Amino acid sequence: MAAYEREILLQTIPGLEASVHGLSAVWGLGNELLLHVGCGRKKQAEGSGDHATPHRTPSKLHVVKWQTDMHNPHTRKLVVQSHDVFTSLQRHTPDEKDMSRKPQLIKCSRLYRAFIAECVQDLRKASQDPHQHEAKSREYADQCEIFQTIGLIWSLCEILFVETLPGGVVLQQLLDWVRLHFTEGDAKARSVLTAEEIQTNDEYWSAIYIYVLQGRLTEARHLLSLNPKFQQDTHGAFGKIDELMRRMPVFGALGRQSVTEFDLKWRHWQDLCRQCLEDHSFTSYPRLEVICKILSGNQKVLLEDLSDLVQELGGWYHLMVSRLLYTNPTVKALDLHFHAKASMDALGVSGRMTPLDTILEKALEFDIYQMIKISSANMSNWWFVAHLADLLHHCGQLDSHQLNFGSDLREFLLLEYASTLMSHNSLWHIVADYFDYCHQFGRHYLELFIERIPLQTERKALKVLKLCEDRNMQEQAQSICKVLGMRCYRQGRLGSALSWCLRSHDPTFATYLADKFLTEYSLKGGFTNIDLLDNLGAGMLLSDRLTFLGKYREFHRLYEQGDFREAGALLLSLLRARLAPKQFWLTLLTDALPLLELDELVFSSAQTYELLQCHEELDRWFKSEEYQREVLPKKSKGQLELEKEKLELLQLGLSRNLAQSVLNEGCGCLPAS
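Analysis parameters
Along each chain, numbering runs from 1 in the same order as the chain's sequence is written. Per-residue local features of the predicted model are confined to residues with pLDDT of at least 70, and side-chain atom pairs are confined, for both listing and counting, to 80 or more; whole-chain, interface and lining totals are unaffected and use all residues. Just so you know, side-chain values use all the structure's heavy atoms and leave hydrogens and water out. Where helices and strands are cited, they refer to DSSP runs of H or I of at least four residues and of E of at least two residues respectively, numbered from the N terminus. Relative accessible area decides the class of each residue, using a 1.4 Å probe on protein chains only: under 20% of the type maximum gives buried, over 50% gives exposed, and in between gives partly exposed. By definition, residues are in contact when any of their heavy atoms lie within 4.5 Å. Throughout, the Shrake-Rupley method with a 1.4 Å probe supplies accessible areas, and for residues the shown protein chains are the sole cover considered. What counts as a ring pair is set by centres within 6.5 Å for rings of Phe, Tyr and Trp (its six-membered ring), and what kind of pair is set by the plane angle: stacked under 30 degrees, edge-to-face over 60, tilted for all other angles. By definition, a salt bridge exists where a carboxyl oxygen of Asp or Glu is found within 4 Å of a side-chain nitrogen of Lys or Arg. Between N-to-C directions, angles cover 0 to 180 degrees, with each direction set by a line fitted to C-alpha atoms, over the stretch in contact for helices. These descriptions rest on fixed angle ranges, namely under 35 degrees for roughly parallel, over 145 for roughly antiparallel, 65 to 115 for roughly perpendicular, and the rest for oblique. Crossing chirality is assigned from the near helix's rotation relative to the far helix, an anticlockwise turn below a right angle marking it left-handed and a clockwise turn marking it right-handed. Only Asp, Glu, Lys and Arg are considered charged, only Ala, Val, Leu, Ile, Met, Phe, Trp, Tyr, Cys and Pro nonpolar, and every remaining residue, Gly among them, polar.

Participant: Kindly report on the overall build of the protein, identifying the contributing residues and their values.
Facilitator: The helix and strand inventory of the protein stands at 34 helices and five strands. Taken across its 673 residues, the protein has 47% of its residues classed as buried. Within the protein, contacts between residues at least 6 apart in sequence are counted, and of these 64% link residues at least 24 apart. Of the roughly 34700 Å² that the protein leaves accessible, carbon and sulfur atoms contribute 51%.

Here's what the structure looks like:
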């Protein structure tokens, strides 16, 4: 961060400590910094003297964001709309020779332009809202101006790089360009036509001049026909100028014609215009003479009589198109930069060019890289350069130019644009799609981005998880499941925590949660989330403790169904496998008591011997140093007495069962196992 930027931040962050101690920062999500005072100021506890323990003043956290132009509701709409066009464009591999793709590319470019125009209208409407805060209105007005400029540049790039016509004749497209973006003539004409009476004032003639300069001669003739003098002079000066405008040849308007054929007709028509001037046909009507001079290609009239109007229309680039219309209507795209330079020199703007002037100049010079570089430096967002570079890439106009850090220009711009969207909560799925089509660094960016998406709800978490699964991002998917599992656990929702744990395949967390279920069973005498435990399936193999939990729940289910012999065998196998923690053995052995008291013998003598061995092992553990040190201090006197009583009952029950089983086996009533 530059020194002047740090100084601005220090002045922006409220409080005295920022200027005294400096600022520390950590990266947030995307274009976001989390700032706090570098070291909290130490204060002495009041009334404690020299030996008081210092404590730090709590530091406030400040969030600083930049390049958030695309975060307001109106530009967000553009983000969503352009995302759909972008993804549709990526379905095709760029191929400079594949001419069948050209209509699709033109369609995509026009969709982008339509969305830009819609965004401009929304921003203009928002800036004029009387209920809007003044600062917000100014912000929307500034953004409206920026996107108007973006629309102007995009339209020119579409003409030069996307909608390239055979032969390279571009004047008609350039006329459409100036008609679309310079609508002062329409505004003046509306002002004249909505008046109660047609006033042939300066506004009236300015509208006619603008229409003539833009090649809109039909509209100019219509306005001229409203002049009261027109009806009185239909065969005089007004009639002649109307006829000249009507007869002006337009390239391509008469169907298929060669450039040579059109050039002959056009030269003949312009000779007629000059002849009228030589005959002094418009001497009595200076304003009609100005129109005729324009038609005859007289450039002096544009720079002298109409200089103010030319400046109002947009300066040198509008002048360039108007001059070409009446001097070189078959100009080729590759020659435009010569005419652009001549128009700039004529208006004296070469030494005081604005960024827009430079961008348009570079576009006319077909210097795409410089055009994108200057646009990147002067636009307040990356939307324009990212989508334009991608479109030009698919048109075969943008080579895979490697930058210093190994990425090509298109990918670099897409990464920068997507990064500016990261810090907005609702645009994460759009960001992911842009990263998908950055084949060099996109996946790395996406992995880092997913780790920082705030998961406020489980619904959003499931969507992010689906995104990870679709892209085979197992590590990130497991991380999300772990985070949500821990969140559910802290909320006391053990069942949901276990569900997320099973999805994360985390054996350590699974063991921890299984212990919590067993602890809950020990305290409450029963399980919650029975449906989940009954349907663990292969998930119980995630950890030994979870396996034990699943099998222990199965023991309870068998017991409830009355299948006591199977339940007893399963209980014994759990003890034999040593899957349960030692402190839970007493619970397992206690579960055997109801089976020992049944009229029907469940355990054979051999099984009873095993249970007795487990009982003895548990008794030894109670007397071990480990138990005395770690477990005993945590138990109350009542718990210890209850454990002693259970051990005695178990001893008695097992002894009685052993005697009965030996007797029955001796009589052949119970097969030994």
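Participant: Kindly report on the packing of aromatic side chains, identifying the contributing residues and their values.
Facilitator: Tallying each qualifying case throughout the model produces 30 aromatic pairs. An angle of 25 degrees between the planes, with centres 4.3 Å apart, marks the rings of Phe86 and Tyr434 as stacked. Here the residue Phe86 occupies a position in helix 3 (residues 73–89), and Tyr434 occupies one in helix 22 (residues 428–436), the gap between them amounting to 348 residues. Like Tyr434, Phe86 is buried.

Participant: Describe in detail the side chain of Thr330, supporting the description with residues and values.
Facilitator: Mapped onto the elements, Thr330 comes out in the loop between helix 16 (316–327) and helix 17 (336–347). Residue Thr330 is classed as buried on the basis of its relative accessible area, which comes to 12%. Beyond its immediate chain neighbours, meaning those up to four positions away, Thr330 contacts Val169, Val259 and Phe262.

Participant: Residue-level account of helix 18 (residues 355–364), with values.
Facilitator: The buried count for helix 18 comes to nine of 10 residues, which makes it a mostly enclosed element. All buried positions along helix 18 are accounted for by Leu356, Asp357, Thr358, Ile359, Leu360, Glu361, Lys362, Ala363 and Leu364. Taken together, the buried residues of helix 18 touch helix 5 (134–162), helix 6 (171–181), helix 16, helix 17 and helix 19 (368–378). Just past helix 18, the residue Phe366 takes up positive phi, approximately 60 degrees.

Participant: Can you tell me about the pattern of salt bridges, naming the residues and giving the values?
Facilitator: A pair can form between side chains of opposite charge whenever their charged atoms are brought close. Taken as a whole and judged by the stated rule, the model has 36 salt bridges. Arg553 is the salt-bridge partner of Glu560, the closest N and O atoms lying 3.8 Å from each other. Among the salt bridges present, the one from Glu600 reaches Arg565, with a minimum N-O distance of 3.2 Å. Note that Glu600 is positioned in the loop between helix 31 (585–596) and helix 32 (605–622) and Arg565 in helix 30 (residues 564–577), a separation of 35 residues in sequence. For Arg565, a relative accessible area of 40% translates into the label partly exposed. One network of salt bridges, with partners in common, ties together Arg110, Arg113, Glu158 and Glu163.

Participant: Any details on the packing of helix 25 (residues 474–490) against helix 26 (residues 494–504)? Residues and values, ideally.
Facilitator: Relative to each other, helix 25 and helix 26 sit at 165 degrees, their axes nearing to 8 Å. For the element pair helix 25 / helix 26, the angle class is roughly antiparallel. The hand of the helix 25/helix 26 crossing is left-handed. Contacts between helix 25 and helix 26 involve Gln478, Cys481, Lys482, Leu484, Gly485, Cys488 and Tyr489 from the former and Leu494, Ser496, Ala497, Trp500, Arg503 and Ser504 from the latter. Here the residues of the contact of helix 25 with helix 26 sort into seven nonpolar, four polar and two charged.

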